[in-house]
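Spelled out from the first residue to the last, the chains are:
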Amino acid sequence: MKMYDLPDARGHFGPYGGVFVAETLVRALTELREAYEEVGRDAEFQAELAYELKHFVGRPSPIYFARRLTEHAGGARIFLKREDLNHTGAHKVNNTVGQALLARRMGKKRIIAETGAGQHGVASATVAARYGMECIVYMGSEDVARQSPNVFRMKLLGATVVPVESGSKTLKDALNEAMRDWVTNVENTFYIIGTVAGPHPYPMMVRDFNSVVGKECVVQMPEMIGRQPDAVIACVGGGSNAMGIFYDYIPHEKTRLIGVEAGGDGVETGRHAAPLSAGTPGILHGNRTYLMQDEDGQIIETHSVSAGLDYPGVGPEHAWLKDSGRAEYAAATDTEALEAFHLLCRTEGIIPALESSHAVAHALKLAPTMDKDQVILVNLSGRGDKDLNTVSRLAGITL
Amino acid sequence: MSRIASAFERLKLERRAALIPFFTAGDPSVEQTVPLMHTLVKAGADIIELGVPFSDPQADGPVIQRASERALARKVSLRKVLEMVADFRRSDTTTPVVLMGYANPIEAMGRQNFAALANRAGVDGVLVVDIPPEESEDWVRTVRANGLDPIFLLAPTSTESRVAQVARLASGFVYYVSLKGVTGAAHLDQSEVAERLPLLQAAIPLPVGVGFGIRDAASASAVARVADAVVVGSRIIQEIEGSTPETLHERVGGLVSGLRDAVDSARAA
């Protein structure tokens, strides 16, 4: 494979990505791009970021051999990259630490963020508290209801949570509302986007800040088993944890990269959140990518048990990795994800996030088709404490 | 000469700014859209800006978002909007119609297909909020080849080099967003507009209109003193929201003719 150097200077990954925003945001995005380029060359910034990731986030996160899960699946050995052990409980904080340090560098004192499951909101509220910034989190009112523990956490951390009542009242609407806030308050406000979507430079920047995950794995796997895995699996909503673990594996051509989207009730039912599996390219939230849309180009409602995957678009780099064939994309249904959730709890003593459970579900399907000496690495992107209400409701367990 | 260019030629002779009312196609209803366009013309609209509903109108405030949601609930697609314009053209062959919307419905139809159909329907200009100059090379070629004017936004934050870029790409007119924020926000900075407009007009060989935040005779008149066109959107949609089917035309017509008086008197005073 020839050197992978995407995106181009204007944020394009092949035909995807770009800067599809109203004129009012262009200056802010240009400033952000320039500031980000500057800190990329700044050793002091990079040293501070590394310090924070080590001492505040708790990196590196370990890789763990899931022995009993492997025995249950029968086949390839399954390893878990334990992003659930990060401070705040998910990979999201890798990115918010980076962006908050950048915000501080740019002199912005007010942080806004959108959130679906609330993990990115919590990670944003956390860094805002850590660096003494004001924090406003936009969250669809539907998600506020189904992820109440995270709403409470954000409030404890001093953030203001604004429920969004427009559209489908989920993640995409929260993103719309955060963009509107940014347009209005662009001078003093830094918008921390939580996934590898949005206009350039966000898809690149969020990928870079999360790529610490894959960088660690590329070193840790040979230390543990003497070689790289045969497959890396990660769930994909917007796709930040997947890009984070995929990015440094792109040149390792023998390693399959597999993204797992939210299959909801089943991709064939139309009630899902799997644009790479069943969508078509279009333009939303500042970039060209695969979308869930009707034939008139209106964005349609998505369905997933997991709020963090309930998004009709996907990062443009995933669109490119799909078209180029470097990564494959599959879907796991709500039922499969829930089964994987319970199985991981019972076999390994790890309560995974419902998002990450989609990746585990796919590993359980794939492992039996592989040899026992082969290796699957799953990005366990977050822990499931926030999902206890949802799971107890679905499983009929009274607390 | 295009309908938009001839409209501005005429306005130059009349020494006044254009009044451009905006509303969302399909709101308050599919049946009322074309009659409402005629009402706007009778009340003094020089150009009509028709909103194409989109599920995720990021640049719009709550008023236009609601209009978009109401229109989508009535299944108003881009194809349907083009049919409405064609219907309007059967009895009005002179008033320019500009479509304003977002990229994705056009992408779904196909840019070339859209441009050809829009031209055939009698559309004159197209403003796509989320196709900025840097993503517009192919877009501008396609719409121009089909006789449509590509209209671009400029903002208080636009740099000189971007103004020059828009000057190269745009035709018809250029739309200056007079405030930081979304449509319908209430704080128009009139002194900022008065200061910036002459600079833009000197740099751009096209009429420069101003919109976002104009909501009454006073702000319309203040803008009309310096700008070549005054765009009013959210305020009109609020009037539509407050109307019944019986009072719709009277109320919206009354509002627009009041705005027209304000625009007319701006430079006479």
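Each value, and the rule that gives it
- Residue numbers restart at each chain and count upward from 1, following the sequence in its written direction.
- Chains and ligands are labelled sequentially in the order written, the chains with letters from A and the ligands with numbers from 1.
- Totals for whole chains, interfaces and linings use all residues, but because this is a predicted model, local features are given only for residues with pLDDT of at least 70 and pairs of side-chain atoms are given and counted only at 80 or more.
- Water and hydrogen atoms play no part in the side-chain values, which are based on all heavy atoms of the structure.
- Helix and strand assignments come from DSSP, with helices taken as H or I runs of at least 4 residues and strands as E runs of at least 2, each series counted from the N terminus.
- All radius of gyration figures rest on C-alpha atoms, and the globule criterion is 2.2 Å times the number of residues raised to 0.38.
- Throughout, exposure labels follow a simple rule: accessible area from a 1.4 Å probe, protein chains only, divided by the maximum for the residue type, with under 20% read as buried, over 50% as exposed, and the rest as partly exposed.
- In this analysis, two residues are considered to be in contact whenever any of their non-hydrogen atoms come within 4.5 Å of each other.
- All accessibility values rest on the Shrake-Rupley procedure with a 1.4 Å probe; residue burial counts only the protein chains present in the view.
- Here a strand pair is declared whenever DSSP counts at least two bridges between the two strands.
- Orientation is described by axes fitted as lines to C-alpha atoms, over the contacting stretch for helices, and by angles from 0 to 180 degrees between their N-to-C directions.
- Working rule for angles: under 35 degrees goes down as roughly parallel, over 145 as roughly antiparallel, 65 to 115 as roughly perpendicular, anything else as oblique.
- We call Asp, Glu, Lys and Arg charged. Ala, Val, Leu, Ile, Met, Phe, Trp, Tyr, Cys and Pro are nonpolar, and the rest, Gly among them, are polar.
- For the purposes of this section, nonpolar cores are sets of buried Ala, Val, Leu, Ile, Met, Phe, Trp, Tyr and Cys residues that join through side-chain atoms within 4.5 Å.
- A pair of Phe, Tyr and Trp rings is counted when the ring centres sit within 6.5 Å of each other, with Trp represented by its six-membered ring. The angle between the planes then sorts it: under 30 degrees is stacked, over 60 is edge-to-face, the rest tilted.
- Cation placement over rings: the criterion is NZ of Lys or CZ of Arg within 6 Å of the ring centroid and within 35° of the ring normal.
- Accessible area that two parts lose when put together, evaluated with a 1.4 Å probe and summed over both, is termed the buried area.
- Throughout this description, the term salt bridge denotes a Lys or Arg side-chain nitrogen within 4 Å of a carboxyl oxygen of Asp or Glu.
- A patch consists of residues whose relative accessible area exceeds 30% and which take part in no salt bridge; residues with like charges are grouped when within 9 Å of each other, and nonpolar side chains (Val, Leu, Ile, Met, Phe, Trp, Tyr) when within 5 Å.
- Note on convention: near helix rotated counterclockwise from far helix by under a right angle means a left-handed crossing. Clockwise means right-handed.
- Disulfides are defined as cysteine sulfur pairs within 2.5 Å.

Engineer: Account for the overall build of chain B, naming residues and giving values.
Structural biologist: For chain B, the helix and strand inventory stands at twelve helices and nine strands. Taken over the C-alpha trace, chain B has a radius of gyration of 17 Å; the compact-globule value for 269 residues is 18 Å, and the two agree within 12%. Projected onto its principal axes, the C-alpha coordinates of chain B cover approximately 40 × 40 × 35 Å. Looking at chain B as a whole, 63% of its 269 residues are labelled buried. Within chain B, counting contacts between residues at least 6 apart in sequence, those at least 24 apart form 72% of the total. A total accessible area of about 9900 Å² is found for chain B, and carbon and sulfur atoms account for 52% of it.

Engineer: Hey, could you go over the sheet that holds strand 2 (residues 48–51) of chain B for me, with residue numbers and the actual values?
Structural biologist: All names here are of chain B. Pairing within the open sheet is parallel, and its nine strands lie in the order 5-4-3-2-1-9-8-7-6. Each having just a single partner strand, strand 5 (149–150) and strand 6 (152–154) make up the two edges of the open sheet. Summarising the sheet, strand 2 and strand 3 (residues 97–101) pair through four bridges and their orientation is parallel. Note that in strand 3 the partner of Ile48 across the bridge is Val97.

Engineer: Can you tell me about the packing of helix 5 (residues 119–131) of chain A against helix 7 (residues 148–156) of chain A, naming the residues and giving the values?
Structural biologist: Residues and elements named next belong to chain A. Running from amino to carboxyl end, helix 5 crosses helix 7 at an angle of 10°, the nearest separation of the two axes being 9 Å. Judged by the angle between their axes, helix 5 and helix 7 are roughly parallel. Counting all contacts with helix 5, which are made through Gln119, Gly121, Val122 and Ala125, the residues of helix 7 involved are Asn150, Arg153 and Met154. Taken together, the residues of the contact of helix 5 with helix 7 sort by class into three nonpolar, three polar and one charged.

Engineer: With reference to specific residues and values, describe the side chain of Thr157 of chain B.
Structural biologist: Its place among the elements puts Thr157 of chain B in the loop between strand 6 and helix 8 (160–169). For Thr157 of chain B, a relative accessible area of 11% translates into the label buried. For Thr157 of chain B, the contacting residues outside a window of four places in its chain are Glu23, Thr24 and Arg27 of chain A together with Lys180 of chain B.

Engineer: So what about the nonpolar core? Which residues, and what values?
Structural biologist: Soluble globular proteins: nonpolar side chains tend toward being buried together. Residues and elements named next belong to chain B. Phe23, Leu99, Phe114, Trp139, Phe173, Tyr175 and Ile204 are the most contacted members of the largest nonpolar core, which totals 106 residues. Counting residues per element, this core draws most heavily on helix 12 (residues 248–268), at eight residues. Ignoring any residue separated from it by four or fewer positions in sequence, one finds Ile204 in contact with Leu154, Val163, Ala167 and Val174.

Engineer: Would you mind going over the packing of aromatic side chains in detail, with residue names and values included?
Structural biologist: We describe a pair of aromatic rings using the distance from one ring centre to the other and the angle between the two ring planes. Taken as a whole and assessed by the stated rule, the structure comprises eleven aromatic pairs over all chains. Geometrically, the ring pair formed by Trp182 of chain A and Tyr202 of chain A is edge-to-face, given 6.2 Å between the ring centres and 75° between the ring planes. Separated by 20 residues along the polypeptide, Trp182 of chain A in helix 8 (residues 171–184) and Tyr202 of chain A in helix 9 (residues 202–210) bring together distant segments of the chain. Judged by its relative accessible area of 4%, Trp182 of chain A falls in the buried class. Consider the rings of Phe54 of chain B and Tyr102 of chain B, whose centres lie 5.5 Å apart with planes at 25°: the pair is stacked. With Phe54 of chain B in the loop between strand 2 and helix 3 (62–73) and Tyr102 of chain B in the loop between strand 3 and helix 5 (103–109), this pair connects stretches of sequence that are 48 residues apart. In this structure, Phe54 of chain B and Tyr102 of chain B share a single accessibility class: buried. Through a chain of ring-to-ring contacts, three or more aromatic side chains come together here, namely Trp182, Tyr191 and Tyr202 of chain A. Lying over the aromatic face of Tyr64 of chain A, Arg82 of chain A brings its terminal NZ or CZ to 5.7 Å of the ring centre. Against the face of Phe56 of chain A rests Arg130 of chain A, its NZ or CZ located 5.5 Å from the ring centre.

Engineer: Tell me what's going on with unusual backbone geometry, and back it up with residues and numbers.
Structural biologist: Excluding glycine, residues mostly carry a negative phi; peptide bonds, for their part, are mostly trans. For the bond running from Arg59 of chain A to Pro60 of chain A, omega is -5°, close enough to zero to count as cis. Here Pro60 of chain A is to be found in the loop between helix 2 (43–57) and strand 3 (63–65). In this chain, Asp27 of chain B is followed by Pro28 of chain B through a cis amide linkage whose omega measures 15°. Mapped onto the elements, Pro28 of chain B comes out in the loop between strand 1 (18–24) and helix 2 (30–43). At Lys75 of chain B, a position not held by glycine, the phi torsion is positive, near 60°. Of note, Lys75 of chain B is situated in the loop between helix 3 and helix 4 (78–89).

Engineer: Describe in detail the interface of chain B and chain A, supporting the description with residues and values.
Structural biologist: At the interface, 37 residues of chain B touch 36 residues of chain A. For the pair chain B and chain A, the two sides together bury roughly 2900 Å², of which 48% comes from carbon and sulfur. The salt bridge partner of Asp56 of chain B is Lys172 of chain A, with a shortest N-O separation of 3.0 Å. Among the secondary structure elements, those contributing two or more residues to the side of chain B that touches chain A are helix 3, helix 5 and strand 6 of chain B. Tallying contributions element by element places helix 5 of chain B first for the side of chain B that touches chain A, with five residues.

Engineer: Give me the pairing of strand 12 (residues 280–284) of chain A: which residues, what numbers.
Structural biologist: Residues and elements named next belong to chain A. Sheet topology note: the strand 12/strand 13 (residues 286–291) ladder contains five bridges and is antiparallel. Across the sheet, Ile283 pairs through a bridge with Arg288, a residue of strand 13. Where strand 12 folds back on strand 13, the antiparallel hairpin that results is connected by one residue, among which His285 adopts a positive phi of roughly 50°.

Engineer: How would you sum up a nonpolar patch on the surface? Please name residues and give values.
Structural biologist: Residue and element names in this part refer to chain A. Together, Phe152, Leu156 and Leu157 make up a nonpolar patch on the protein surface, roughly 320 Å² of accessible area in all. You can see Phe152 is positioned in helix 7. What makes Phe152 exposed here is its relative accessible area of 53%.

Engineer: Account for the packing of helix 1 (residues 23–40) of chain A against helix 9 of chain A, naming residues and giving values.
Structural biologist: Residue and element names in this part refer to chain A. One way to put it is that helix 1 packs onto helix 9 with a least axis distance of 11 Å and a crossing angle of 35°. Crossing angle aside, the handedness with which helix 1 passes helix 9 is left-handed. In this structure, helix 1 uses Leu29, Leu32 and Tyr36 to contact helix 9, whose residues at the interface are Tyr202, Met204, Met205, Asp208 and Phe209. Residues that form the contact of helix 1 with helix 9 fall into these classes: seven nonpolar, no polar and one charged.

Engineer: Describe the state of the cysteines, naming the residues involved and giving the relevant values.
Structural biologist: All names here are of chain A. For the structure on display, the rule yields zero disulfides over all chains. The thiol of Cys217 is not disulfide-bonded; the next cysteine sulfur, from Cys235, is found 14 Å away. Overall, Cys217 belongs to the buried group, its relative accessible area being 0%.

Engineer: A description of the pattern of salt bridges should follow, citing residues and the corresponding values.
Structural biologist: Tallied over the entire structure, the rule returns 42 salt bridges over all chains. The residue Glu23 of chain A makes a salt bridge to Arg162 of chain B at a minimum N-O spacing of 2.8 Å. Within this pair, whereas Glu23 of chain A is found in helix 1, its partner Arg162 of chain B is found in helix 8, the two belonging to separate chains. Of the two residues, Glu23 of chain A and Arg162 of chain B, both sit in the buried class. Notably, a salt bridge pairs Asp173 of chain A with Lys172 of chain A, separated by 3.3 Å at the nearest N-O pair. Here the two residues Asp173 of chain A and Lys172 of chain A agree in accessibility, since each one is buried. A cluster of three or more residues bridged by salt bridges with shared partners is formed by Arg10, Glu14, Arg16, Asp46, Arg260 and Asp264 of chain B.

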